Amino acid sequence: MVAADITLVSTNVLGFNPIKADPKAAIAQRKAATQTMPGNIKNLTSVIVDISKLMINLISNNNFYNGWFTTIEVYKTGIHYTRKFGVLPSLATFGWTKVIKNSAIINTSTLGNIRIGGGKKITDVTEWVTLTPGEEYLNFFGPEIIVQSLFPTGITKYELHSKSQKGKRLI
């Protein structure tokens, strides 16, 4: 220890003695110091959201956009907002679980149809909905769906927008 350290400790002890003698004054002092915190947090949250909107408008990078959008949604609501992109080879099929009702499923291909049905396996599906290129569908089947390409000669693309935990591929 050097002389400056001893002076610092002495100063802190002198500052602590009145608080030790009058704890109510210390509590009042703390309340006064923290009284403005909720307003400051609200203002800061508003600034973060405004900045994120500006950044999204300025940047056209899909990965950055999706990551930022998901972060803001989780921050604001605690709910994960998933945007899942994928491709289906010709006539391929896969099952998806944990898809919340009213999630949007979009056929983002320029050619080729896909179809969607409810169930864990193809044999469970009792009704199919066919999506043409660019068409959007709100899932009413429930948490398990089957997605199938109807395009025999190429690849189809799809997109899922879901306010839930991330979908899990089964097949």
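Every value quoted in this text rests on a predicted model; they were computed, and no experiment measured them.

Asker: Give me the lowdown on a nonpolar patch on the surface, citing residues and values where you can.
Answerer: Judged by side-chain polarity, Leu 44, Val 47, Ile 48 and Ile 51 come together as a nonpolar surface patch covering roughly 320 Å² of accessible area. By secondary structure assignment, the location of Leu 44 is in helix H3 (residues 37-58).

Asker: Break down the environment of Lys 84 for me, with residues and values.
Answerer: Within the secondary structure layout, Lys 84 lies in strand S1 (residues 81-88). Note on Lys 84: relative accessible area 28%, which makes it partly exposed. Separated by 21 residues in sequence, Lys 84 and Ile 105 have C-alpha atoms that sit 9.4 Å apart. With residues up to four places along the chain from it excluded, the contact list for Lys 84 reads Trp 96, Tyr 158, Glu 159 and Leu 160.

Asker: Requested: an account of the side chain of Thr 156, with residues and values cited.
Answerer: Structurally, Thr 156 is set in strand S8 (residues 156-163). At 3.5 Å, the side chain of Thr 156 forms a polar contact with the side chain of Ser 149. The residues contacting Thr 156, other than those within four sequence positions of it, are Gly 86, Val 87, Leu 88, Ser 109, Leu 111, Gly 112, Asn 113, Ile 114, Ser 149 and Phe 151.

Asker: Let's hear about the environment of Glu 135: which residues, and what values?
Answerer: Tracing the chain through its elements places Glu 135 in the loop between strand S5 (128-131) and strand S6 (136-138). Sequence-wise, Glu 135 and Thr 108 are 27 residues apart; in three dimensions their C-alpha atoms are separated by 7.5 Å. At 2.9 Å, the side chain of Glu 135 and the backbone nitrogen of Thr 132 are in polar contact.

Calculation notes
Residues numbered from 1 in each chain as written. Predicted model: local features only at pLDDT ≥ 70, side-chain atom pairs only at ≥ 80, totals over all residues. Heavy atoms only, no water. Patch = residues over 30% accessible without salt bridge, like charges linked within 9 Å, V, L, I, M, F, W, Y side chains within 5 Å. Areas by Shrake-Rupley, 256 points an atom, 1.4 Å probe, with all protein chains shown as cover. Salt bridge = Lys/Arg side-chain N within 4 Å of Asp/Glu carboxyl O. Helix = DSSP H or I, 4+ residues; strand = E, 2+ residues; numbered from the N terminus. Buried < 20%, exposed > 50% of the residue type's maximum accessible area, 1.4 Å probe, protein only. Contact = heavy atoms within 4.5 Å. Polar contact = N/O pair within 3.5 Å; in protein donor to acceptor, adjacent residues only side chain to side chain.

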